[in-house]
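Chain by chain, the residues:
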Amino acid sequence: MTAANEIVAEHVEPRPFGRVVTAPGTDLRDLAPATIEEWTVASKVLVLRGIPLLDRADLITYAQSWGEVLTWDFGAVLDLVVEEDPTNYLFSRSDVPFHWDGAFARATPRFFLFQCVRAPEPGGGGETVFSDTTAVLHAAGEDLVRRWANTEVTYRTEKLRHYGGEIVAPLLARHSATGETTIRYNEPLDPARYLNPVWTTVDGLSDEDAAPFLADLSARLHDPDVCYAHEWRDGDIVVVDNQALLHGRNAFRGNSSRHLQRIQIL
Ligand SMILES: [Fe+2]
């Protein structure tokens, strides 16, 4: 591997957070996982451009050189494509509400990496939206943060694809690298709107009392000041800090579609 400082790369910081590194002619494997990790923790979302995508086997080998790779019943690499007759909203044309990856897994990935095999056509939607929960916490008052710190949420979903079950999770967590407080939250998926709904209950609150509490939380998470919407281009490699951020997807528009590959690092 080459030291990061030997690689010619242009760094641009989109608003309100993230980092786009353009490094034509660089092989992903020339970038040490420690460098990728450092840039991603610092910027929360790292977009690499001009770097050829790896094939499936090489992507797995590279991710394994970084850390333990989370595997599922489909293996290590998930192909995220729009399906004609999906059983789960991830594979539909709808939006995807905010969540963190691995809520229903045996362990939570620290990072995940996407390779964009085929981007939607321009204006075709499907942007991945990231919410910086550390910024949400900074903007919330002390009383609210104290209330969140005492909140546990139960999530329940049927296993129709690779994940499912019931979990209870504290609303706040601590980032393993930075020590910052983060928000762990999966927005509920209304069965009237989404395939494979997720039911969310706040421990100790009736559904009637939970509704305004969760609506306020969602409004804060969707504040444009804390969100970065990534418009995909063919060949993008995107690395995500799954502890600091929540993420979701805008709906696709028209007939546009997309093919991403995702791998998760514990
Ligand atoms: Fe996800």
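Anyway, here's the lowdown on the structure attached to this text. (Residues numbered from 1 in each chain as written. Predicted model: local features only at pLDDT ≥ 70, side-chain atom pairs only at ≥ 80, totals over all residues. Heavy atoms only, no water.)

1. Remarks on the overall build of the protein
- What the protein contains, in helices and strands, is five helices and 16 strands.
- Its C-alpha radius of gyration of 18 Å places the protein within 12% of the 18 Å reference for a compact globule of 266 residues.
- For the C-alpha atoms alone, the extent of the protein along its principal axes is close to 55 × 45 × 35 Å.
- Residues counted as buried form 53% of the 266 residues belonging to the protein.
- Here the contacts in the protein between residues at least 6 apart in sequence split such that 78% fall between residues at least 24 apart.
- For the protein, the computed accessible surface area is about 12,100 Å², with 49% contributed by carbon and sulfur atoms. (Helix = DSSP H or I, 4+ residues; strand = E, 2+ residues; numbered from the N terminus. Rg over C-alpha atoms; globule rule 2.2 N^0.38 Å. Buried < 20%, exposed > 50% of the residue type's maximum accessible area, 1.4 Å probe, protein only. Contact = heavy atoms within 4.5 Å. Areas by Shrake-Rupley, 256 points an atom, 1.4 Å probe, with all protein chains shown as cover.)

2. Re the packing of aromatic side chains
- Evaluation of the coordinates by the stated rule reveals eight aromatic pairs.
- Ring centres of Phe112 and Phe114 lie 5.2 Å apart, and the angle between their planes is 80°; on these two criteria the pair is classed as edge-to-face.
- The class of Phe114 is buried, set by a relative accessible area of 5%.
- For the pair Tyr155 and Tyr185, a centre-to-centre distance of 6.4 Å together with 55° between the ring planes defines the contact as tilted. Taken together, the residues Tyr155 in strand β8 (residues 152-157) and Tyr185 in the loop between β11 (181-183) and β12 (198-202) connect sequence positions 30 residues apart.
- Three or more aromatic residues joined by ring pairs make a cluster, and in this case those are Phe17, Phe130 and Tyr228. (Phe/Tyr/Trp six-rings, centres within 6.5 Å; stacked < 30°, edge-to-face > 60°.)

3. Observations regarding the pattern of salt bridges
- Applying the stated criterion to the full structure yields 14 salt bridges.
- Put simply, Asp95 and Arg193 hold a salt bridge, and the shortest N to O gap is 3.1 Å. One end of the pair, Asp95, is in the loop between β4 (78-81) and β5 (96-99); the other, Arg193, is in the loop between β11 and β12, with 98 residues separating them in the sequence.
- Here Arg193 falls in the exposed class, since its relative accessible area comes to 57%. (Salt bridge = Lys/Arg side-chain N within 4 Å of Asp/Glu carboxyl O.)

4. Focus on unusual backbone geometry
- With an omega of 0°, the peptide bond running from Arg15 to Pro16 counts as cis.
- Along the chain, Pro16 turns up in the loop between β1 (10-12) and β2 (19-22).
- Located in the positive-phi region is Lys44, a residue other than glycine, with phi close to 75°.
- Structurally, Lys44 can be placed in the loop between α1 (33-43) and β3 (45-49).
- Residue classification places Lys44 among the buried residues on the basis of a relative accessible area of 14%.

Without other data, these values stay purely geometric and don't point to any function.
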